[in-house]
Structure formats: C-alpha cells, structure tokens
Amino acid sequence: MAGKRSLLTIVLSTLVSIATGQCSPVPVYTGSLHKTAQGPVMKQGARIAIFSMLMRRVAVSNSQGFDWTAYHDDVDYVKVHQNLTEMLQKQWSANIITSKQIQEHALVKDGFFPLQEKFYLNSLQLPIIASAKEEELMLRTKSRLEADYYITILCDHSISKIMFLPMETNSYLQFNLYHAQIGLIYTKKLTHSQSALPYHRDWSLARLHTDYNPIITETLNHSLAQLLEQLQSTLVQEITVRIDDDQE
C-alpha cells in the first residue's frame, strides 16, 4: 500500500505542476484590438519593426524523481528572429527596421522599457512590452523609426512528463501586429503539441534521463518550426495586403 500511495502522490503532484505551469502570466501585453469592417490590412513594402520578442528559456516537469527539462537558447532565439524577418520580407515585401535602430532609440536607451524577463530569452535586448504603458511608448517611437507597423512576439512552451510515458511538449506563439497610427490591428495565438518520440521504456532511468534529452530538444525545435509555418499560412489567409496607402 505504501508503494501505491507513493506512486499516486508522484502522479498527482506532476498533474498539479502541469496545471499550475499553464496558468502562469503571459509576459507580453496584448491591448485592445482595433477592428474594421474589412479586417486587418497591411501596406505592401511598409517599414516594420519587430519591436519586442521573448522566448521561453526552459520548462520543467518533475517525474520519477527527476526534473525533466526542455529549453531554448540564444541560438534558437536569433534563428527564429531571422526566420520571421525573412518571412515578412518575402510575404509583405517589408522593409524591416533593424534591432540596432530600435536599441538606439532614446526611449530604449534611457531605460523606459524593461529588457529582462525571468525565465525568458531576450537575446537581442529588444524592449519588452509588458503593459499598456510600454505599448503606448512603443507607438511613440514611430516618428524617429519612421515605422508603419510594429510586431510583438512571444514564443512559449510547457512540458509534461508522467511516469512510463513519453514527454509531451506544448508550444505557443503569440503574434501581435500594430498599425503605427491606429494601434493593435491583429493578434493571433497558435499552439502545437507533440510527443517526444522515440521513447525507450526499456532503458534504465539513468540512461533515459541522459539520452532522452536530445530527442526532447529535437521535438521542441520541430514544434516551433511548425508554429512558424502555421503563422505564415495564417497571415496569408487573414491579412489583406494592399499596394495603396488606404489602411482605414
């Protein structure tokens, strides 16, 4: 009976940990959406600032006496930022405002924006938009940056590992698009879940904890790649691109 109670305790504590992790606050602010009859519209060839981008550093799930982890690093962050830049250039013929131009704006240099968020990567030291105040300050940079649009992005993930079962990775992507004059005109949250396979139940626990990590990392990277593909397809379907300047 003691063994059964111990197993039940482990499973229940794991489930509680998963549920608690999914309720953690999102560190990217999403304000009031400005809606129009024709839906969100982009001007082809516009100047766009990927003004803020955060990526979850690590997610942890405790099972079988181990803290199982799935993490991203600075290389992953820079790669995603580059992929998004290339996607916007290809899809909207966008003129991307560089990270350096954003970093050198007076409001950023003078410390009006936070640059660090616990548990998240901000490898390019971009401003963090965590409140309505920072959202308003972001839009105030439009004259100096000559920005037509702003984008804020969150790449997040959580994991769950229950005894004798493969790890489940859950990835999230929050994409916010702002018109420099109007404010938020489009927001989208995408999710992708995937089991980390292959999972070798015949491995010893010590070997599993060591050799399973590359499989977890590969699964997490694949999930993020899938989200970026979903985003590209979704933007094509849901945002109208115009050559003229009529954005109202």
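Residues numbered from 1 in each chain as written. Predicted model: local features only at pLDDT ≥ 70, side-chain atom pairs only at ≥ 80, totals over all residues. Heavy atoms only, no water.

### Some details on unusual backbone geometry
Peptide bonds are trans in most cases, and residues, glycine excluded, mostly fall at negative phi.
Here is step 1 of the chain: Looking along the chain, the bond that leaves Leu197 and enters Pro198 is cis, with omega of 5 degrees.
Here is step 2 of the chain: Locating Pro198 in the fold gives a position in the loop between strand 9 (183-195) and helix 7 (205-211).
Here is step 3 of the chain: Positive phi outside glycine occurs at Phe119, with the angle close to 80 degrees.
Here is step 4 of the chain: Relative to the assigned elements, Phe119 resides in the loop between helix 4 (106-109) and strand 6 (120-121).
Here is step 5 of the chain: By relative accessible area, Phe119 is classed as partly exposed at 45%. (Helix = DSSP H or I, 4+ residues; strand = E, 2+ residues; numbered from the N terminus. Buried < 20%, exposed > 50% of the residue type's maximum accessible area, 1.4 Å probe, protein only.)

### What about the side chain of Arg47?
Here is step 1 of the chain: Examined against the element boundaries, Arg47 turns out to sit in strand 2 (residues 47-56).
Here is step 2 of the chain: For the buried Arg47, no salt bridge is present, and the opposite-charge side chain at shortest range is Glu146, 4.3 Å distant.
Here is step 3 of the chain: A polar contact is formed between the side chain of Arg47 and the backbone oxygen of Leu145, at a distance of 2.8 Å.
Here is step 4 of the chain: For Arg47, the residues in contact, after removing those within four places along its chain, are Asn95, Ile97, Gln101, Leu145, Glu146, Ala147, Asp148 and Tyr149. (Lys, Arg positive; Asp, Glu negative; His and termini not counted. Salt bridge = Lys/Arg side-chain N within 4 Å of Asp/Glu carboxyl O. Polar contact = N/O pair within 3.5 Å; in protein donor to acceptor, adjacent residues only side chain to side chain. Contact = heavy atoms within 4.5 Å.)

### Quick word on the layout of surface pockets
Here is step 1 of the chain: Counted as a void, the second largest pocket has a volume near 330 Å³.
Here is step 2 of the chain: Lys79, Asn83, Leu224, Ala225 and Leu228 are, among the 14 residues lining the second largest pocket, the residues nearest its centre.
Here is step 3 of the chain: Those elements that provide at least two residues to the lining of the second largest pocket are helix 2 (74-92) and helix 8 (213-238).
Here is step 4 of the chain: For the lining of the second largest pocket, the residue count by class is 6 nonpolar, 3 polar and 5 charged. (1 Å grid on protein atoms, 1.4 Å probe; cavity = no way out; pocket = protein on both sides within 12 Å on 5 of 7 lines; lining within 4 Å. Points joined across faces, edges and corners; volume = space filled by probe spheres on them. Nonpolar A, V, L, I, M, F, W, Y, C, P; charged D, E, K, R; others polar.)

### Overview of the nonpolar core
Here is step 1 of the chain: Core analysis: the biggest nonpolar cluster contains 49 residues, and Phe51, Leu84, Trp92, Tyr150, Phe175 and Leu177 have the highest contact counts within it.
Here is step 2 of the chain: Not counting residues up to four positions away in its chain, the partners in contact with Trp92 are Met42, Gln44, Gly45, Ile48, Met87, Leu177, Leu235, Ile239 and Val241.
Here is step 3 of the chain: In this structure, Ala59, Trp68, Ala196 and Leu220 belong to the second largest nonpolar core, which totals 13 residues. (Core = buried A, V, L, I, M, F, W, Y, C linked by side-chain atoms within 4.5 Å.)

### Here's the deal with the packing of aromatic side chains
Here is step 1 of the chain: Evaluated as defined, the whole model comprises 5 aromatic pairs.
Here is step 2 of the chain: When the centroid spacing of 5.6 Å and the interplanar angle of 65 degrees are considered together, the rings of Phe51 and Phe113 count as edge-to-face. Of this pair, Phe51 sits in strand 2 while Phe113 sits in the loop between helix 4 and strand 6, and the two are 62 residues apart along the sequence.
Here is step 3 of the chain: Plain terms: the ring middles of Tyr199 and Tyr212 are 5.3 Å apart, the flat faces sit at 65 degrees to each other, and that makes the pair edge-to-face. Here Tyr212 lies in the loop between helix 7 and helix 8 and Tyr199 lies in the loop between strand 9 and helix 7, a separation of 13 residues in the sequence.
Here is step 4 of the chain: The buried category is assigned to Tyr199, whose relative accessible area is 14%.
Here is step 5 of the chain: Through a chain of ring-to-ring contacts, three or more aromatic side chains come together here, namely Phe51, Phe113 and Tyr150.
Here is step 6 of the chain: The aromatic ring of Trp68 is capped on one face by Lys161, whose charged end is 5.0 Å from the ring centroid. (Phe/Tyr/Trp six-rings, centres within 6.5 Å; stacked < 30°, edge-to-face > 60°. Lys NZ or Arg CZ within 6 Å of the ring centre and 35° of its normal.)

### Points about the pairing of strand 2
Here is step 1 of the chain: Burial analysis of strand 2 places 10 of its 10 residues in the buried class, the great majority of the element.
Here is step 2 of the chain: Relative to strand 5 (residues 95-97), strand 2 runs parallel, the two being bridged by 3 bridges. Residue pairing for strand 5: Ile48 is matched across the bridge by Ile96.
Here is step 3 of the chain: Pairing of strand 2 with strand 6, which is carried by 2 bridges, proceeds in the antiparallel orientation. (Pairing = 2+ DSSP bridges.)

### Regarding helix 8
Here is step 1 of the chain: The end-to-end C-alpha distance of helix 8, which contains 26 residues, comes to 37 Å, matching closely the 38 Å that a straight helix rising 1.5 Å per residue would cover.
Here is step 2 of the chain: Every buried residue of helix 8 is accounted for by Ile215, Ile216, Thr219, Leu220, Ser223, Leu224, Leu227, Leu228, Leu231, Thr234 and Leu235. (Expected span 1.5 Å × (residues − 1).)

### Quick word on the environment of Pro198
Here is step 1 of the chain: The class for Pro198 is partly exposed, based on a relative accessible area of 46%.
Here is step 2 of the chain: As a C-alpha pair, Pro198 and Ile215 span 17 residues in sequence and 7.4 Å in three-dimensional space.
Here is step 3 of the chain: Ignoring any residue separated from it by four or fewer positions in sequence, one finds Pro198 in contact with Tyr212 and Ile215.

Keep in mind that these numbers describe shape and distance, not what the molecule does.
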